[in-house]
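# Observations on the three-dimensional arrangement
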Amino acid sequence: MIAVELFKLVRRMRTWFAIALMCALPLVVAVFIAVTHLAPPPGQGSAFLSAVLDDGQLYPAAALALVLPVFLPVAVAVVAGDSIAGEASAGTLRYLLARPVGRTRVLVAKLVAIVAFTLAAVVAVTVTSYAIGVLILGPSRASAVGFAPGGSLGSIAPGAGGAPSAGLQAGAAITSLSGTPLTTLQLVERVLGAMSFITVSMLGVAAIALFLSTLTNSALGAALGALAALVASEILVTLNAAGAVQPYLPTRYWLAWIDFFRQPIFWRDIQHGFGIQLVYALIFLGAAWANFATKDITT
Amino acid sequence: MSAGEPFSSRRSRLAIPQGQVQDESSPLITTKNLTKRFGKVEAVREVSLDVREGDRYGLLGPNGSGKTTLVRMLLGLVYATSGSISVLGEQVPRHVSRVLPEIGALIEEPAAYPHLSGRANLRLLDAAGPRGSRRTRSRRVDDALEQVGLAGIDRRPVRAYSLGMRQRLGLAAALVRRPRLLVLDEPTNGLDPRGIRDIRDLLIGMNESGVTIFLSSHLLPEVSALCTRIGVLDSGALVLQEQLASLQEPTGRILVSTDDPEQAVAALDGLVEHRSGADLVVRSADPAALNARLVAAGVPVTSLLVQRRSLEEIVLEVTGAGSDQFSVPTARPPMTPDGQDAPEAPDPPRPSGPRPADRDRS
């Protein structure tokens with residue numbers, strides 16, 4: 001059943017269209033920056049973007065930061081929201097269940113497909129943006145990361161990193177946010193770590209959308225419902241008055257993947273982020289299962 | 001045509017419900033006081049039906065009478081409010097996953113992934129569930145496509161299919177696993193006359209090779225031509241369940257058409273119950289004798305037919321639809337329009353069809 005779901009995912013135009021869009025956004029941004037040579041100053045705008053003019057190889061990190069707040073969760077919510085509701089409204093769900101495919105198995109297969117989609121999108125963005133960075137922005141000139149967390153997406157714990165100014169170091173080595181150089185192996189490890197963290201970060205949204213997808217026969221309704229939850233969370237994360245609930249919001253630790261680029265890796269927020277996503281996934285997948293397993297399939 | 005008997009060998013794995021007198025053939029589907037409420041609406045009420053091995057069972061009833069809900073409950077898609085279901089000897093929905101691999105189903109309209117080809121859809125569906133051996137998949141898919149007349153199908157996506165092709169594909173999907181029981185909702189929907197006959201021949205052929213068929217339909221002539229046994233739902237309740245053959249026993253009347261009706265009326269001496277132009281309704285149980293008598297009297301008979309109740313009459317009667325039917329009812333012939341008094345007729349051999357109380361209790 002999992003193979004069937006993956007096959008359906010691969011054979012759908014929407015999958016590739018969504019991934020292409022996600023890869024296109026960093027391309028557009030890169031073209032503008034390359035043409036104007038106007039990168040946002042350190043501490044403003046999207047993470048890592050200030051440094052990419054100095055080193056195109058950093059562009060994957062900047063690209064992930066670009067797609068993370070909106071494009072990626074929207075795509076995940078659409079795919080997850082469509083997963084049950086879309087099949088229900090198309091009528092194919094009843095044939096799957098009469099095949100028979102157990103209802104739990106359907107849910108698990110759908111979840112696996114959603115995670116696979118997320119991972120594919122993250123990988124595609126990383127790979128294409130690396131190519132974009134090297135080709136359009138050029139390879140490393142002065143490799144330093146002038147990055148200060150901030151902006152509207154919530155603050156990163158200052159911990160180990162702080163905000164190093166652009167230390168001008170000669171040589172090609174990529175420098176961590178903490179100012180110490182990273183070997184290529186370390187860099188690859190950290191990029192992989194960031195990619196998996198971002199994929200896991202989407203679990204909460206995916207679980208909410210999947211749950212809503214079992215409630216309604218409208219794929220659009222389920223996706224929009226999950227996005228509403230997401231937007232609410234992103235707003236509350238920046239609201240000082242909501243400080244009491246902030247540690248429990250699904251988007252609270254979304255930017256913690258940046259901590260993979262500190263030296264040493266600053267694990268605390270990463271671990272919190274993993275934990276929060278797992279809790280959301282458990283709650284909403286449990287609710288989805290409880291609802292779907294006992295539901296009358298009338299479409 | 002007697003149905004149900006050819007498959008009398010009872011399979012030991014079929015559990016016979018307790019306290020039930022066993023019929024000649026084993027029940028493949030049994031429901032007991034099955035009820036389903038959606039909120040305050042009672043979609044299915046206390047339905048106790050049984051489908052025996054080898055049956056071609058037609059479930060009839062007006063729109064909204066609960067046919068689809070009943071079919072969905074049999075397949076474990078909708079959960080009953082009360083009552084019990086046994087399919088192929090297993091309790092449904094508890095053990096539905098054990099029986100579904102042996103059931104091919106068409107539930108309301110067919111559904112497929114529109115961007116994939118028909119063959120890809122069948123392969124996908126087959127791969128989704130258990131017991132779809134990958135080794136035999138290609139052959140089973142090809143066989144099913146051939147059975148429904150789609151053998152030469154190309155790779156175009158299902159979204160480009162006509163309604164009839166989709167219907168055939170839906171049937172093929174039901175056949176891919178070579179099921180023992182077919183549960184079909186409106187199997188000939190959207191097909192042209194030739195397609196309807198193809199599918200009817202296919203279903204009868206499969207039935208003769210041992211597949212039990214349970215179908216629901218609005219098309220009474222179709223059910224009449226295909227089914228051996230019918231059940232009629234009205235407002236969620238089963239109001240009739242009977243062998244079609246016994247419902248359609250001769251009514252004791254013969255329909256005669258002749259170019260010389262006056263002479264025929266005279267020759268038959270009061271046996272004519274009703275006359276409309278050249279068509280007569282004659283009280284007689286012996287068509288050969290009647291024909292001989294007419295011929296002897298020099299009446300040119302153009303057609304002579306033993307009257308049987310049509311399925312339509314049977315269904316409309318038990319579903320309480322309009323009582324002023326065009327056809328001659330069985331209980332009492334009406335007065336003829338031209339003032340000719342219909343003689344007091346003795347009750348025909350089988351005066352009235354089974355009323356709601358006369359459920360098949362076998």
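Residues numbered from 1 in each chain as written. Chains lettered and ligands numbered in written order. Predicted model: local features only at pLDDT ≥ 70, side-chain atom pairs only at ≥ 80, totals over all residues.

## With respect to the nonpolar core
- Within the largest apolar cluster, 168 residues are counted, with the highest numbers of intra-cluster contacts made by A:Ala62, A:Ala209 and A:Ala226.
- By residue number, the principal contributor to this core is helix α6 (residues 103-137) of chain A, which donates 12 residues.
- Leave out the neighbours within four places in its chain, and A:Ala226 touches A:Ala77, A:Ala80, A:Gly81, A:Val205, A:Ile208, A:Ala209 and A:Leu212.
- In terms of nonpolar packing, the next biggest core, distinct from the first, is built from 11 residues, B:Val256, B:Ala264, B:Leu294 and B:Val299 among them. (Core = buried A, V, L, I, M, F, W, Y, C linked by C-beta atoms within 7 Å. Buried ≥ 20, exposed ≤ 12 C-beta atoms within 10 Å, placed from the backbone. Helix = DSSP H or I, 4+ residues; strand = E, 2+ residues; numbered from the N terminus. Contact = placed C-beta atoms within 7 Å.)

## Here's the deal with the sheet that holds strand β11 (residues 237-243) of chain B
Residues and elements named next belong to chain B.
- Strand order across the open sheet formed by six strands is β7-β8-β9-β4-β10-β11, with mixed pairing between neighbours. Across the chains shown, the open sheet's two edge strands, defined by having one partner strand only, are β7 (103-106) and β11. Within this sheet the neighbouring strands show an average axis-to-axis angle of 15°, counted without direction.
- In this sheet, strand β9 (residues 212-216) lies alongside strand β8 (residues 181-185) in parallel orientation, the contact comprising five bridges. Bridge assignment links leucine 184 to a residue of β9, and that residue is leucine 215. (Pairing = 2+ DSSP bridges. Axes fitted to C-alpha atoms, helices over the stretch in contact; angles between N-to-C directions.)

## A short note on the packing of helix α4 (residues 71-90) of chain A against helix α8 (residues 203-215) of chain A
All names here are of chain A.
- At their nearest, the axes of α4 and α8 sit 7 Å apart, and the two run at 30° to each other. Between α4 and α8, the interaxial angle falls into the category roughly parallel. Relative to α8, α4 is oriented so that their crossing is right-handed. Note on element contacts: α8 touches α4 through Val205, Ala206, Ala209, Leu210, Leu212, Ser213 and Thr214, opposite Pro73, Val76, Ala77, Ala80, Gly81, Ser83, Ile84 and Ala85. (Parallel < 35°, antiparallel > 145°, perpendicular 65-115°, else oblique. Left-handed = near helix turned anticlockwise from the far one by under 90°.)

## Things to note about the domain arrangement of chain B
- Annotation of chain B at the domain level lists domain 1 (5-246) and domain 2 (250-308).
- The C-alpha centroid of domain 2 of chain B is placed 43 Å from the C-alpha centroid of domain 1 of chain B. (Domains from an automatic or database assignment.)

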